Amino acid sequence: MKTLSIIAYAIGSILLIISCFTVSVAATWWLGGIAVLFLIIGCVLQFHANRNKYSHTGGY
């Protein structure tokens, strides 16, 4: 799960950087939107990875 979050962060970051250098406004918005989606997916995957790691600690 942690590896998937890193991959999602990497893809989102790359797409966000690419969207800054596109000429078309529509392409910029599409790439930016997809980048934000991947960054959100990375956050969710990281949250689930951390939750699973600490869920078996005895109830603290």
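Only a predicted model underlies this, so the values are computations on that prediction, with no experimental measurement involved. (Residues numbered from 1 in each chain as written. Predicted model: local features only at pLDDT ≥ 70, side-chain atom pairs only at ≥ 80, totals over all residues. Heavy atoms only, no water.)

A tally of helices and strands in the protein yields two helices and zero strands. Taking all 60 residues of the protein together, 17% fall into the buried category. Long-range contacts, defined here as pairs at least 24 residues apart, represent 59% of the contacts in the protein between residues at least 6 apart. As displayed, the protein has an accessible area near 4,700 Å², and 76% of this comes from carbon and sulfur atoms. (Helix = DSSP H or I, 4+ residues; strand = E, 2+ residues; numbered from the N terminus. Buried < 20%, exposed > 50% of the residue type's maximum accessible area, 1.4 Å probe, protein only. Contact = heavy atoms within 4.5 Å. Areas by Shrake-Rupley, 256 points an atom, 1.4 Å probe, with all protein chains shown as cover.)

On to helix α1 (residues 2-20). The end-to-end C-alpha distance of α1 is 28 Å, a good match for the 27 Å that 19 residues give at a rise of 1.5 Å each. Within the span of α1, buried status applies to Ser5, Ala8, Gly12, Leu15 and Ser19. Seen end-on, α1 carries its buried residues on one side only, within an arc spanning 100 degrees. Opposite the buried face of α1, by more than 90 degrees, sit the exposed residues Lys2, Thr3, Ile6, Ile14, Ile17 and Cys20. (Expected span 1.5 Å × (residues − 1). Arc of directions from axis to C-beta.)

Glancing now at the side chain of Ser19. Among the structural elements, Ser19 can be located in helix α1. In terms of polar contacts, Ser19 uses its side chain to reach the backbone carbonyl oxygen of Leu16, at 2.7 Å. When residues no more than four places from it in sequence are discounted, the contact partners of Ser19 are Thr28, Leu31 and Gly32. (Polar contact = N/O pair within 3.5 Å; in protein donor to acceptor, adjacent residues only side chain to side chain.)

A cluster of nonpolar residues, Leu4, Ile7 and Ile11, forms a patch on the protein surface that exposes about 250 Å² of accessible area. Here Ile11 shows up in helix α1. (Patch = residues over 30% accessible without salt bridge, like charges linked within 9 Å, V, L, I, M, F, W, Y side chains within 5 Å. Salt bridge = Lys/Arg side-chain N within 4 Å of Asp/Glu carboxyl O.)

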